[in-house]
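What the coordinates show
Each chain is listed here by its residues.
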Amino acid sequence: MNGIGTSRDRRGRWLWIALAAPGAVWLIVLFVVPFYAMLAVAGGGINSFFETAVPTWNPLQWSSANLSVVWQDIAGTGAYLGAPALRTLLYTAAATIISLAIAYPVAYFVSRYAGRRKALMLVLLIAPFWVSYMMRMLAWIDLLQQGGFVNSALSFVGLSGSTDWLGGKSVTVIFGLVYGYIPYLILVLYAGLDRIDGSLLEAARDLGLGRWRTFWRVTVPLSKPTIIAGTFITVLPMLGDYFTNQLLSAAPGTTMIGNAIEGQLQSAGETGQGAVVSLMLLVVLLIPMTYYALSTARASREFA
Amino acid sequence: MAGATSEVLSAVPGGASSARRRRRRGNPWRRPWALEGFTWLYIVWSIVPVAIAVLFSFNNGASQSTWQGFSTKWYVGNSVQSVLHNPSLHQAVVQTLKLSILTTLITVPLGIGFAIGIDRWRGRTSSSLNMVMIFSFVVPELLLAVALFLLVTQLLKFLTLGTTAEVAGLVVWNFSWPAIIVRARLVTIGKTYEEAATDLGASRLSAIRRVLLPMLMPAIFASAVLVFASTVDDFVIVEQLSSTAATQPMSVLIYSNVHGGLQGPALNALATIMLFFSLAVALVGFVAYRWMTRGERSQGATQALTGIAGI
């Protein structure tokens, strides 16, 4: 009996491997290998005649030529990468804090107090998720242009109505980042806050805590994992964003690290440097990515 | 997302906060008006600009901020600049549809097989593969796009830039949707039904085909909707992997024309068509998902959503 069971399991195992194989191959060839190609280009050289990248596939022969060029761009004279890197950090931090300040109250209200309107509000919160990013940016480009509604509204209330919002303002880029990524943050916060057991809050009230202290000492600590997950879900894409600021500013004074990478990839002879900068960004993001991946894996195990 | 909406709609409690009035000062169940006002303001802020952009795609003039009467000239009327007549706008719509359909057709079956295989084939290899899949979900899109660009231009040169490379990249970027959602559903289903089928004489394969797959249908459908909609939206991967103007979908065309080139309400019209595709798919998905899960109290999609969110 036991023997039959094992042989059936073994045959079953081959079935599972066969089912997983096509997807696994696709993932390895088009997700793992590409990052190896990135390493090979970063550690490779340049064909000085055609100014094209020459990848080095053997790790033992990797050169540090591209790395030292990038290092000069960061720390040497005429360095131009430091400013975009710093700006990326500042913009991302500002946009994340503003997003949390808006998203948390909204998610909190909908999860706890929306009552009969909850379904309607949820549909409205999910709606922007289905509107493409380009459409939402285009909408603001319409509103923020010189003769647009924002300036008309400002001059209507007596303020200066001639601000060039799209002419390279950090404020506009941070605003765009908030507007672009906040729908994801709200959904994550909602899902987390909605799962907080209401009886814990009632217990806190029964034990004499006021409304604010219940919020600060029970709800906020219980939602901490959700806040962390939500922060990652907005920070990771913001750090690699180049299009928001290209659309809403396109000025050199607001470039982010994503724009630097894009620029290097598109100019002749700088492909290797683009690969080095991408790898640096990847190394910095490896810690939050790993944390996020592990917590996702843990969450999917807990369903069982 | 469609699945999530339906779960959420059916999970609304019957106004639990409404009833109990307390005589004490500082009634703890009073409505927080300020918070409610803030929430509505957010909703208006998130939706009204898009509604205005849709409205101006029907403007009978070239302005995106001064209303000059209703017209469909930017869709069909104008013989040079309308979506119907301008070759590059027209081309972009076709390319978006092509990419979305091809990507969905490849990604969903690959993801289903991967989810079932990984869930049942327990071992070190399968959990490493699972981690690779989750990393493909959390990696910033720009980094994946750059890596794919280097792969396609330096190593696998037969995947030429253009539609082939775009589809290859979009499949890997969207792969985690079906893989995570179908897996979450698999875990809630458990192995019981399948074992019952094999005990009654079905082979493993036919147990999967005739018992498991029908039960997985809502999850498969929800992930197909998500893959399709997110491919319609996709920008970074297709921008890096497209070659000529002929392989640029709507998102890339809008991006490259905002500052110069084709301007005016024609771009709004193009964006509105994109919106229409996404909403149509969402609506079909929502209705079909509700129909498939009728009479069921499962939490599959909500769990999938929160699992994806990593909480």
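Criteria and cut-off values
- Residues numbered from 1 in each chain as written.
- Chains lettered and ligands numbered in written order.
- Predicted model: local features only at pLDDT ≥ 70, side-chain atom pairs only at ≥ 80, totals over all residues.
- Core = buried A, V, L, I, M, F, W, Y, C linked by C-beta atoms within 7 Å.
- Buried ≥ 20, exposed ≤ 12 C-beta atoms within 10 Å, placed from the backbone.
- Helix = DSSP H or I, 4+ residues; strand = E, 2+ residues; numbered from the N terminus.
- Domains from an automatic or database assignment.
- Contact = placed C-beta atoms within 7 Å.
- Nonpolar A, V, L, I, M, F, W, Y, C, P; charged D, E, K, R; others polar.
- Expected span 1.5 Å × (residues − 1).
- pLDDT = per-residue confidence, 0-100.

**A word on the nonpolar core**
- Core analysis: the biggest nonpolar cluster contains 170 residues, and A:Leu138 and B:Leu270 have the highest contact counts within it.
- Looking at this core, the element that brings in the most residues is helix H7 (residues 170-194) of chain A, giving 15 residues.
- Each of domain 1 (14-63) and domain 2 (82-302) of chain A accounts for three or more of the residues forming this core.
- In this view, A:Leu138 contacts B:Ala53, B:Ile254, B:Val258, B:Leu267, B:Asn268 and B:Ala271; residues no more than four positions away in its chain are not counted.

**Digging into the domain arrangement of chain A**
All names here are of chain A.
- For chain A, the domain assignment lists domain 1 (14-63) and domain 2 (82-302).
- Summarising the inter-unit geometry, the C-alpha centres of domain 1 and domain 2 are found 32 Å apart.
- At the junction of the two partners, domain 1 supplies 8 residues and domain 2 supplies 8 residues.
- Of the residues belonging to the side of domain 1 that touches domain 2, the class tally is 6 nonpolar, 1 polar and 1 charged.

**A look at helix H8 (residues 176-189) of chain B**
- Taking 1.5 Å as the rise per residue, H8(B) with 14 residues should run 20 Å; its terminal C-alpha atoms sit 20 Å apart, in good agreement.
- Extensive coverage of H8(B) is indicated by the burial of 11 of its 14 residues.

**Details of the interface of chain B and chain A**
- Each partner contributes to the interface: chain B provides 94 residues, whereas chain A provides 95 residues.
- When residues in the side of chain B that touches chain A are grouped by element, the largest group, 13 residues, is from helix H2 (residues 33-56) of chain B.
- Of the residues in the side of chain B that touches chain A, the class split is 62 nonpolar, 25 polar and 7 charged.

**Some details on the confidence of the model for chain B**
All names here are of chain B.
- Here chain B shows a mean pLDDT of 80. Residues at 70 or above account for 83%.
- Helix H7 (residues 163-174) holds the highest mean pLDDT among the elements of chain B, 93, whereas helix H1 (residues 2-10) holds the lowest, 39.
- Overall, residues 1-25 carries pLDDT values under 50, and its contacts beyond four positions in sequence, including any with other chains, amount to 41 contacts.
- The ipTM, which scores confidence in the relative placement of chains, is 0.86 for this predicted complex, and the corresponding pTM is 0.84.

**With respect to the environment of B:Val284**
All names here are of chain B.
- As for its position among the elements, Val284 is in helix H13 (residues 265-292).
- Owing to 14 C-beta atoms within 10 Å, Val284 belongs among the partly exposed residues under this scheme.
- Sequence separation between Val284 and Val225 is 59 residues, and the spatial gap between their C-alpha atoms is 8.6 Å.

**Observations regarding helix H4 (residues 118-130) of chain A**
- Look at H4(A): 19 Å from first C-alpha to last across 13 residues, which is about the 18 Å you get at 1.5 Å a residue.
- Regarding H4(A), the residues found buried are A:Lys118, A:Met121, A:Leu122, A:Leu125, A:Pro128 and A:Trp130.

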